[in-house]
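Listed here are the chains, written in short residue letters.
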Amino acid sequence: MATSPDVVATALQELAPGYSELFTLWHPLFEKIVKNGKLDRGVLKGPYKEFVVVTDGPGQVTQVLNGSEIISGGRRQNASRGDTYAPRLIYAFDVPGKDLAEANGENDLARIIEHYPELALSDFHERISQQLVQGDGAGVGGFLTLNGNATYNPNGTARNGPLDALATTAQVGTAFNLNKSGAAAGAVAGWHNQYADITSFAGNGRTRMEDVYYTASAQGAKTMGPVDLLIGDKTSYLNYISDLDSQVRVQRVEGDKAPSQIRRGIPFLEADFYMELDIDPSNTTQWNAAAQDGVIYMLHSKTWHLYTLGHDAGMETKGDFSVRGPIRIPEQDMWRYEYVLHMGMYCDQLRCNGMVTGGNTP
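Residues numbered from 1 in each chain as written. Predicted model: local features only at pLDDT ≥ 70, side-chain atom pairs only at ≥ 80, totals over all residues. Heavy atoms only, no water.

*Asks:* What is the right way to look at the sheet that holds strand 12 (residues 271-275) in this model?
*Replies:* The strands that make up a sheet pair up through hydrogen bonds in the backbone, lying either parallel or antiparallel. The strand order 9-17-13-10-12-11 describes an open sheet built from 6 strands, whose pairing is mixed. Among the strands making up the open sheet, the edge pair consists of strand 9 (194-197) and strand 11 (265-268). Neighbour-to-neighbour, the strand axes of this sheet turn through a mean angle of 20°, independent of strand direction. As paired strands, strand 9 and strand 17 (residues 354-357) are joined by 4 bridges and run parallel to one another. Across the sheet, the residue bridging to aspartate 197 is threonine 357, located in strand 17. The strands touched by helix 2 (residues 28-35) within the sheet are strand 10 (229-232), strand 12 and strand 13 (295-299), with strand 10 carrying the most contacts at an inclination of about 160°. Lying over the sheet, helix 6 (residues 234-244) contacts strand 10, strand 11, strand 12 and strand 13, oriented at roughly 60° with respect to strand 11. (Pairing = 2+ DSSP bridges. Helix = DSSP H or I, 4+ residues; strand = E, 2+ residues; numbered from the N terminus. Axes fitted to C-alpha atoms, helices over the stretch in contact; angles between N-to-C directions. Contact = heavy atoms within 4.5 Å.)

*Asks:* I tried to follow unusual backbone geometry on my own but got confused; where do I start?
*Replies:* Even without being glycine, phenylalanine 176 reaches a positive phi, approximately 55°. Counting through the fold element by element, phenylalanine 176 comes out in the loop between strand 7 (174-175) and strand 8 (178-179). Positioned with a positive phi, glutamate 331 is a non-glycine residue whose angle comes to about 65°. By secondary structure assignment, the location of glutamate 331 is in the loop between strand 15 (320-328) and strand 16 (334-347).

*Asks:* Explain the packing of aromatic side chains here, please?
*Replies:* Two descriptors summarise a pair of aromatic rings, namely the distance from one centre to the other and the angle between the planes of the rings. Scanning all chains against the criterion turns up 14 aromatic pairs. With a centroid separation of 5.2 Å and 75° between ring planes, the pair formed by tyrosine 237 and phenylalanine 273 is classed as edge-to-face. Taken as a pair, tyrosine 237 in helix 6 and phenylalanine 273 in strand 12 lie far apart in primary sequence, 36 residues in all. Residue class for tyrosine 237 comes out buried when judged on its relative accessible area of 6%. The exposure class of phenylalanine 273 is buried, given its relative accessible area of 0%. Aromatic ring contacts, followed pair by pair, group Tyr213, Tyr214, Tyr237, Tyr240, Phe268 and Phe273 into a single cluster. Over the ring of tyrosine 307 we find lysine 49, and its NZ or CZ is 5.9 Å from the ring centre. (Phe/Tyr/Trp six-rings, centres within 6.5 Å; stacked < 30°, edge-to-face > 60°. Buried < 20%, exposed > 50% of the residue type's maximum accessible area, 1.4 Å probe, protein only. Lys NZ or Arg CZ within 6 Å of the ring centre and 35° of its normal.)

*Asks:* Sorry, what's going on with the pairing of strand 4 (residues 88-96) here?
*Replies:* A regular strand carries its side chains on alternate faces of the sheet. A one-sided burial pattern is seen for strand 4, the buried positions being Leu89, Tyr91, Phe93 and Val95 and the unburied ones Arg88, Ile90, Ala92, Asp94 and Pro96. Pairing of strand 4 with strand 16, which is carried by 9 bridges, proceeds in the antiparallel orientation. Each bridged residue has a counterpart across the sheet, and for phenylalanine 93 the counterpart in strand 16 is tyrosine 337.

*Asks:* In this structure, what is going on with the confidence of the model for the protein? I would like to understand it.
*Replies:* Low pLDDT means the predicted coordinates in that region are not meant to be read closely. Chain-level pLDDT for the protein is 84 on average; 78% of the residues reach the 70-or-more range. Scored below 50 in pLDDT, residues 255-262 makes 7 contacts in the model with residues more than four places away or belonging to other chains. (pLDDT = per-residue confidence, 0-100.)

*Asks:* How should the environment of glycine 82 be read in this particular structure?
*Replies:* Positionally, glycine 82 belongs in strand 3 (residues 79-85). You can call glycine 82 buried: its relative accessible area is 1%. The spacing of glycine 82 and phenylalanine 176 is 94 residues in sequence and 5.4 Å in space, taken between C-alpha atoms. Excluding residues within four positions of it along the chain, glycine 82 makes contact with Lys49, Glu50, Phe51, Phe176 and Leu178.

*Asks:* Could you clarify how one ought to interpret the pattern of salt bridges in this entry?
*Replies:* Side-chain pairs of opposite charge can arise whenever the charged atoms involved come near each other. Per the counting criterion, the structure on display carries 9 salt bridges. Note that arginine 324 is salt-bridged to glutamate 338, the shortest N-O span being 2.9 Å. With arginine 324 in strand 15 and glutamate 338 in strand 16, the pair connects residues that are 14 residues apart, well separated along the chain. Take arginine 324: its relative accessible area is 22%, and that puts it in the partly exposed class. (Salt bridge = Lys/Arg side-chain N within 4 Å of Asp/Glu carboxyl O.)

Below is the structure:
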């Protein structure tokens with residue numbers, strides 16, 4: 001008995017939520033954001049999302065010495081509004097009617113799902129990952145990149161990635177439509193990331209990493225705790241492991257659904273440090289001179305948010321790697337299926353995050 005396109009679609013609908021969950025486990029930043037409860041689904045009323053950034057307290061303090069002092073009051077305006085757009089990305093793949101006609105039984109259906117939908121979703125996930133950490137994911141340039149040396153284009157206008165491999169005073173661009181604290185005009189105080197450069201990993205590698213870690217953690221430690229995630233290129237990661245020397249190395253694999261060989265994190269202070277193969281510092285287009293010697297992101301996951309757009313699973317979809325189809329392709333014996341991602345991502349406290357470059361230097 002031949003397999004119908006609708007049978008494949010039904011199987012995909014049943015499997016897709018699990019596949020999407022595996023992506024959050026596969027990428028450590030997404031996993032932590034979801035675990036922190038910072039994923040909002042279908043909540044926007046318009047095409048973009050505004051959020052408030054508060055950089056200082058709203059009032060003043062008056063010391064009373066003899067009781068007749070006038071208490072200074074008023075209200076200081078220390079809130080700024082950033083905004084973010086969610087790109088709509090559709091990964092389409094086609095299944096020949098001949099393959100469906102020749103499929104018989106559960107084993108053949110499993111083969112079709114493995115050869116087409118599973119490989120398609122895996123490719124989609126990988127492109128999003130590369131875009132996030134480096135800014136050159138093929139076809140997904142609308143999704144956020146962390147890389148401040150690159151741009152992303154969620155709504156027709158290019159935007160800078162939020163984390164710069166630059167000293168605070170040199171961070172003069174914008175992030176989420178807010179001027180960073182080094183800008184000559186309109187700067188938002190505190191709207192920057194922490195940064196340090198390693199000149200020799202053996203000489204000052206861990207010291208520079210600790211400096212950024214503690215500086216970033218101190219910005220939100222009272223309410224949110226310390227930086228909890230590091231993502232670095234392969235050589236920086238291996239240099240850190242080598243520098244541990246004879247100290248105990250603990251590998252953490254969380255969850256029972258993530259294949260154990262996909263991501264392995266080792267501790268750095270109170271954070272997990274993951275190797276990211278999608279970071280290629282030798283790419284001179286995507287990285288500035290300092291970052292070409294190695295890249296380590298230090299992220300405070302509680303300052304990051306994800307949101308999706310869409311409500312109707314059968315029409316626009318819910319936007320979280322949702323499945324749509326089958327659609328018969330006119331004049332071809334092909335059936336089209338689509339994965340739809342309509343997701344945005346933003347940070348509301350950049351100063352709690354950081355970058356360290358130079359980790360490839362011996």
